[in-house]
Amino acid sequence: MLSYQHIYHAGNMADVQKHLWLIAVLDYLKQKDKPFTWIDTHAGRGLYDLTSTEAQKIKEHETGISKYFKTWQATSDLGAPLSHYYDLLKTLNSGNEVTTYPGSAYIAATLMRNTDKLFAFDLHKGEYPYLESALKNHINATTRFEDGFTGLKSLTPPILRRGGVLIDPSYELKDDYTKTAQAVIDAHQKWPQGIYMIWYPILDKKLHQNLLTPLKDMGLSKENFTIDEWHFGEVEKGMKGTGMIIINPPYGISNLMSEIKSKFI
Ligand SMILES: C[S@@+](CC[C@H](N)C(=O)[O-])C[C@H]1O[C@@H](n2cnc3c(N)ncnc32)[C@H](O)[C@@H]1O
């Protein structure tokens, strides 16, 4: 049974890094008229109420999105992808505070066009109804109460070959790292041109090496394999940083995201 619920962490620094990458990749895919497929294997709720009891428990958003949102209000030209992130937050929040935070599936459904196709999976029976409800008016989105790895397998290669995947597991179990790596290796064999974004937490135990090692062993070129890590500095407990692996990153995006990172870390 799954216990992790992202509402306790929504809007934290990991979300900021992950969602900026997501927006940058979607921006790139939208540069061409040709429609594309996006697969979100671990979609979460779609929309998060940061005033809820759960979100208020640890208040991770306070050192994440809430901190930056305030400074962005005073900045006239943020530049993409920050400006697109900010615009979306402004649409959802009328005041000066972020009270509603968009998750990966909601961001994708909102930024994708009606001709594009989003598939969003979540396997938590408490979370899935929120996801379904958040995306119900988005005609480009299909939600499924199904294992995201199985869903990825059944969808690859997608009919619309342009596009990619966000894999954002909760890593509740130790073997989730190797399972994630294997799912990527299998999908990449069937859909080598897809863009794969794989998020991971940086913890004391460095368990993410179990994900990185097999993916590095795929032998992809430097241009086709990027790693972006944001280290939080001195943190007593919990996550020490947030990481993203990108397979087949769009041209120029790694440099763009290095500039973005320098605004945060
Ligand atoms: C880190 S959260 C996702 C956050 C979301 N991607 C975002 O950025 O807003 C991980 C989610 O994966 C779900 N989950 C865990 N195992 C899963 C599986 N095997 N298949 C699909 N969803 C799963 C959990 O219920 C949880 O909602």
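Computed from a predicted model, the values in this text were never measured in an experiment.

### Observations concerning the pairing of strand β8 (residues 225–231)
With 5 of its 7 residues buried, β8 lies for the most part within the structure. Here β8 runs beside strand β9 (residues 241–247); their pairing, made up of 7 bridges, is antiparallel. The residue bridging Glu 229 from the neighbouring strand is Gly 243, located in β9.

### Structural notes on the site of the ligand
Lining the immediate environment of the ligand, one finds 20 residues, of which His 19, His 42, Asp 122, Asp 147 and Asp 168 sit closest. In this structure, a nitrogen atom belonging to the ligand sits 2.8 Å away from a side-chain N or O atom of Ser 104. Note that a nitrogen atom of the ligand is positioned 2.8 Å from one of the backbone N or O atoms of Gly 148. Relative to its unbound accessible surface of 600 Å², the ligand loses 96% to contact with the protein. Its residues assigned to classes, the shell around the ligand shows 5 nonpolar, 10 polar and 5 charged.

### What about the packing of aromatic side chains?
For the structure on display, the rule yields 11 aromatic pairs. For the pair Tyr 128 and Phe 145, a centre-to-centre distance of 5.4 Å together with 40° between the ring planes defines the contact as tilted. Highlighted residues: Tyr 128 in helix α6 (residues 128–134) and Phe 145 in the loop between β5 (141–144) and α7 (148–155), separated in sequence by 17 residues. The class for Tyr 128 is buried, based on a relative accessible area of 10%. Ring plane angle 45° and centroid distance 6.3 Å describe the contact between Tyr 171 and Trp 199, whose orientation is recorded as tilted. With a gap of 28 residues between them, Tyr 171 in the loop between β6 (163–167) and α8 (176–190) and Trp 199 in strand β7 (residues 195–202) connect regions that are remote in the sequence.

### Topic: the pairing of strand β4 (residues 117–121)
The buried fraction of β4 amounts to 4 of the 5 residues, a majority that puts the element mostly inside the structure. Where strand β1 (residues 37–40) lies against β4, 4 bridges are found, and the strand directions are parallel. Residue pairing for β4: Ile 39 is matched across the bridge by Phe 119. Both β4 and β5 contribute to a ladder of 4 bridges, which runs parallel. Pairing of Ala 120 across the sheet is with Thr 143, part of β5. Handedness of the crossover joining β4 and β5 through α6 is recorded here as right-handed.

About the thresholds
Residues numbered from 1 in each chain as written. Predicted model: local features only at pLDDT ≥ 70, side-chain atom pairs only at ≥ 80, totals over all residues. Heavy atoms only, no water. Buried < 20%, exposed > 50% of the residue type's maximum accessible area, 1.4 Å probe, protein only. Helix = DSSP H or I, 4+ residues; strand = E, 2+ residues; numbered from the N terminus. Pairing = 2+ DSSP bridges. Near = heavy atom within 4 Å. Polar contact = N/O pair within 3.5 Å; in protein donor to acceptor, adjacent residues only side chain to side chain. Areas by Shrake-Rupley, 256 points an atom, 1.4 Å probe, with all protein chains shown as cover. Nonpolar A, V, L, I, M, F, W, Y, C, P; charged D, E, K, R; others polar. Phe/Tyr/Trp six-rings, centres within 6.5 Å; stacked < 30°, edge-to-face > 60°. Right-handed = clockwise from strand over helix to strand, strands pointing away.

The values reported here are purely geometric and, on their own, carry no functional implication.
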